[in-house]
Amino acid sequence: MHHFHYVGQKLHCEDVALDAVAGLHGTPTYVYSARTIEDNYRRLISSLAGLDVQLCYAMKANSNLAILRLFSNLGSAFDLVSGGELRRVLAAGGATKRSVFAGVGKTEAEIKLALESGIYGFHVESEPELARINHVAGRLGVKAPVAIRINPDVDAKTHAKITTGKSENKFGIPLKAAAAAYEAAARFPHLAIRGVQMHIGSQLTSAAPFIEAVQKVVPFVEQLKQLYGIAYFSIGGGIGIVYQDALASGDAAWWNAKPEGERPLTPEAYGAALKPLLAPLGLRILLEPGRFMVGNAGVLLSRVEYLKRGQGRNFLVVDAAMNDLVRPAMYDAYHEIVPVVRDTGRPALKADVVGPICESGDCFAKDRTLQTLGEGELVAFMSAGAYGYTMASRYNTRPAAAEVLVSGSRFELVNARETFETMLAGEKIPAFLKS
Ligand SMILES: *Cc1c(COP(=O)(O)O)cnc(C)c1O
């Protein structure tokens, strides 16, 4: 459920008409709904009520400082994957002492910064990484809190580029080798074994792979508790969202109308499935959702530049492109595209919705049926709050989009559109080319 809906003809985010946002801040612009994020947060936390749960929002999904502060105000900590993300948490006033640091390639400088910030746990992906963290902790005269990422070899049945829990993926240590990895960790003098971690993939729309993975590792987690007195079990993120019927899924009625077997995973179903497996462990449970928290809480606003009518194919050329929202080009992802001002009286138009970049891959949708739209009119790409802005690039020297946060009837620019001055600031022409 989310807070994007039509009021009369106009698409609103909460109580704000989106054409007004585009009028003020231009396009392409990402618009986020604070209330949707708050609802997602509370629903997920409630689904595991009774357990000692810490939500560590996977900030790579959307790391705007305003979004991070919103999470921090709700009581969330963060799952971060780089020194840059750690600096964002610090800048947003987030709790590094409850946050965790993941990723297969942590550098010495990043490890040092995380230790100095009092990180709650390093999620370790290999034995050489244990040695490196031990080395840096020794130099600082501290003990580094670690948890090893277990790869449970479960097929998350999602897109190949976002599955992470199969043995052929680069992530984690196989369950069979995990006991030895913990023994190695215990021998390092500057490491403190704090927990255990797993994450099997992204955009999972059923509870079954989560159940399978948790069931597979629970006996090992119990052993770790006995042997090392671990404090926590992080079960990762991966809860999927609705892309296909994104707008309709804002309404509770859409969910209620779905027969049980066809309903996409809800936080309530996720919690209900996992709680009986997790409760007997008596450990703190860390959740690391990214996409679920913010995905349906954001749209990308874009303006139509041209309607190019071709032979047998129409192209709706918009001012957003694959550099702003790469998911369709990168993952063949579907985003629902809706008019910001709806006019049901107009004829339907079947078109490919494309951006202006010089790549055939710069295509958001093929053969999509929309209301007929023309130059200057606005569209919204739904479910664009996760892995949208954070994956943006500057390809074709296109400045990064603006970002706006809405709360009730208030809205504010939380990231100004990038300027060409800042884009070019680091570049220079060397003396040997100047004659
Ligand atoms: C990316 C990632 C997440 C978040 O995944 P979502 O599918 O966005 O929930 C959580 N944990 C780890 C270790 C990750 O790499």
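This one's a predicted model, so the numbers in the text were calculated from it and none came from an experiment.

Cut-off values and rules
- Residues numbered from 1 in each chain as written.
- Predicted model: local features only at pLDDT ≥ 70, side-chain atom pairs only at ≥ 80, totals over all residues.
- Heavy atoms only, no water.
- Salt bridge = Lys/Arg side-chain N within 4 Å of Asp/Glu carboxyl O.
- Helix = DSSP H or I, 4+ residues; strand = E, 2+ residues; numbered from the N terminus.
- Buried < 20%, exposed > 50% of the residue type's maximum accessible area, 1.4 Å probe, protein only.
- Polar contact = N/O pair within 3.5 Å; in protein donor to acceptor, adjacent residues only side chain to side chain.
- Near = heavy atom within 4 Å.
- Areas by Shrake-Rupley, 256 points an atom, 1.4 Å probe, with all protein chains shown as cover.
- Nonpolar A, V, L, I, M, F, W, Y, C, P; charged D, E, K, R; others polar.
- Axes fitted to C-alpha atoms, helices over the stretch in contact; angles between N-to-C directions.
- Parallel < 35°, antiparallel > 145°, perpendicular 65-115°, else oblique.
- Left-handed = near helix turned anticlockwise from the far one by under 90°.
- Contact = heavy atoms within 4.5 Å.
- Core = buried A, V, L, I, M, F, W, Y, C linked by side-chain atoms within 4.5 Å.
- Domains from an automatic or database assignment.
- Buried area = accessible area lost by both parts, 1.4 Å probe.
- Pairing = 2+ DSSP bridges.
- Right-handed = clockwise from strand over helix to strand, strands pointing away.

### Examining the pattern of salt bridges
Side chains that carry opposite charge are capable of pairing whenever their charged atoms lie near each other.
Turning to step 1, where the next piece is worked out: In the structure shown here, the tally under the stated rule is 14 salt bridges.
Turning to step 2, where the next piece is worked out: For the salt bridge of arginine 35 with glutamate 14, the shortest nitrogen-to-oxygen distance reads 3.8 Å. Highlighted residues: arginine 35 in helix H2 (residues 34-47) and glutamate 14 in the loop between strand E2 (10-13) and strand E3 (16-17), separated in sequence by 21 residues.
Turning to step 3, where the next piece is worked out: Given the relative accessible area of 33%, arginine 35 is considered partly exposed.
Turning to step 4, where the next piece is worked out: Between glutamate 377 and arginine 346 there is a salt bridge; the shortest N-O distance is 2.7 Å. Placement of glutamate 377 in the loop between strand E18 (363-371) and strand E19 (378-381) and of arginine 346 in the loop between strand E16 (337-339) and strand E17 (348-354) is noted, with a sequence separation of 31 residues between them.
Turning to step 5, where the next piece is worked out: Residue class for glutamate 377 comes out partly exposed when judged on its relative accessible area of 25%.
Turning to step 6, where the next piece is worked out: Where salt bridges share partners, they join Arg313, Asp352 and Asp367 into one cluster.

### Points about the side chain of threonine 266
Turning to step 1, where the next piece is worked out: Mapped onto the secondary structure, threonine 266 falls in the loop between helix H9 (252-256) and helix H10 (267-278).
Turning to step 2, where the next piece is worked out: For threonine 266, a relative accessible area of 14% gives the class buried.
Turning to step 3, where the next piece is worked out: Among the polar contacts made by the side chain of threonine 266, one reaches the main-chain amide nitrogen of alanine 269 at a distance of 3.0 Å.

### Describing the site of the ligand
Turning to step 1, where the next piece is worked out: The local shell around the ligand holds 13 residues, among which Lys60, Ser202, Gly238, Arg291 and Tyr387 are the closest.
Turning to step 2, where the next piece is worked out: Glycine 238 places a main-chain nitrogen or oxygen 2.8 Å from an oxygen atom of the ligand.
Turning to step 3, where the next piece is worked out: Between the ligand and the protein, one listed contact pairs an oxygen atom with a backbone N or O atom of arginine 291 at 2.8 Å.
Turning to step 4, where the next piece is worked out: Protein contact buries 93% of the 390 Å² of open area that the ligand shows by itself.
Turning to step 5, where the next piece is worked out: In terms of residue class, the shell around the ligand is made up of three nonpolar, five polar and five charged.

### Some thoughts on the packing of H2 against H10
How two helices pack is summed up by the angle between their axes together with the distance between the axes.
Turning to step 1, where the next piece is worked out: At a minimum axis separation of 8 Å, H2 and H10 run at an interaxial angle of 20°. The angle between H2 and H10 places the two elements in the roughly parallel class. For the crossing formed where H2 meets H10, the hand is right-handed. Listed contacts from H10 to Arg43, Leu44 and Ser47 of H2 are Pro267, Glu268, Tyr270, Gly271, Ala272 and Lys275.
Turning to step 2, where the next piece is worked out: Here the contact of H2 with H10 is built from residues that sort into four nonpolar, two polar and three charged.

### Structural notes on the side chain of histidine 335
Turning to step 1, where the next piece is worked out: As for its position among the elements, histidine 335 is in the loop between helix H12 (327-331) and E16.
Turning to step 2, where the next piece is worked out: A distance of 2.8 Å separates the side chain of histidine 335 from the backbone oxygen of methionine 382, its partner in a polar contact.
Turning to step 3, where the next piece is worked out: Discounting residues that sit within four places of it in the chain, histidine 335 has contacts with Tyr243, Leu325, Arg327, Pro328, Arg368, Phe381, Met382, Ser383 and Ala384.

### As for the nonpolar core
Turning to step 1, where the next piece is worked out: Ranked by size, the top nonpolar core spans 102 residues in total, and within it Tyr57, Phe122, Phe233 and Phe381 carry the most contacts.
Turning to step 2, where the next piece is worked out: Top element by residues in this core is helix H8 (residues 208-228). It accounts for eight residues.
Turning to step 3, where the next piece is worked out: Two domains each provide a minimum of three residues to this core, namely domain 1 (34-290) and domain 2 (296-424).
Turning to step 4, where the next piece is worked out: When residues no more than four places from it in sequence are discounted, the contact partners of phenylalanine 122 are Phe101, Lys106, Ile111, Ala114, Leu115, Ile133, Ala144, Pro145, Val146 and Ala147.
Turning to step 5, where the next piece is worked out: Core analysis: the next-biggest nonpolar cluster, separate from the first, contains 20 residues, Phe4, Met382, Val404 and Val406 among them.

### So, the domain arrangement of the protein
Many structure descriptions define interface size as the accessible area lost when the parts assemble.
Turning to step 1, where the next piece is worked out: Assigned domains of the protein: these are domain 1 (34-290) and domain 2 (296-424).
Turning to step 2, where the next piece is worked out: Measuring from the centre of the C-alpha atoms in domain 1 to the corresponding centre in domain 2 gives 31 Å.
Turning to step 3, where the next piece is worked out: Contacts between the two partners involve 22 residues from domain 1 and, on the opposite side, 24 residues from domain 2.
Turning to step 4, where the next piece is worked out: Ranking the residues of domain 1 by area buried against domain 2 places Asn64, Tyr243 and Leu247 at the top, with a combined share of 26%.
Turning to step 5, where the next piece is worked out: Counting across the interface, domain 1 meets domain 2 through zero salt bridges.
Turning to step 6, where the next piece is worked out: Where the side of domain 1 that touches domain 2 is concerned, the elements lending two or more residues are H2 and helix H3 (65-74).
Turning to step 7, where the next piece is worked out: Looking at the side of domain 1 that touches domain 2, the element that brings in the most residues is H2, giving five residues.
Turning to step 8, where the next piece is worked out: When its residues are assigned to classes, the side of domain 1 that touches domain 2 shows eleven nonpolar, seven polar and four charged.

### A look at the environment of tyrosine 57
Turning to step 1, where the next piece is worked out: Take tyrosine 57: it is sitting in strand E5 (residues 53-58).
Turning to step 2, where the next piece is worked out: As for tyrosine 57 and methionine 293, which are separated by 236 residues in sequence, their C-alpha atoms are 7.6 Å apart.
Turning to step 3, where the next piece is worked out: Other than its neighbours up to four places away in sequence, tyrosine 57 contacts Asn62, Ile67, Leu68, Phe71, Ser76, Ala77, Phe78, Asp79, Pro289, Gly290, Met293 and Val294.
Turning to step 4, where the next piece is worked out: One polar contact links the side chain of tyrosine 57 to the main-chain carbonyl oxygen of asparagine 62, over a distance of 2.7 Å.

### Some words on the pairing of strand E11 (residues 191-197)
Turning to step 1, where the next piece is worked out: Within E11, five of the seven residues are buried, which leaves the element mostly enclosed by the surrounding structure.
Turning to step 2, where the next piece is worked out: Bridge count for E11 against strand E12 (residues 232-234) is three bridges, and the pairing is parallel. Paired with glutamine 197 across the strands is serine 234, a residue of E12.
Turning to step 3, where the next piece is worked out: Handedness of the E11-H8-E12 crossover: right-handed.

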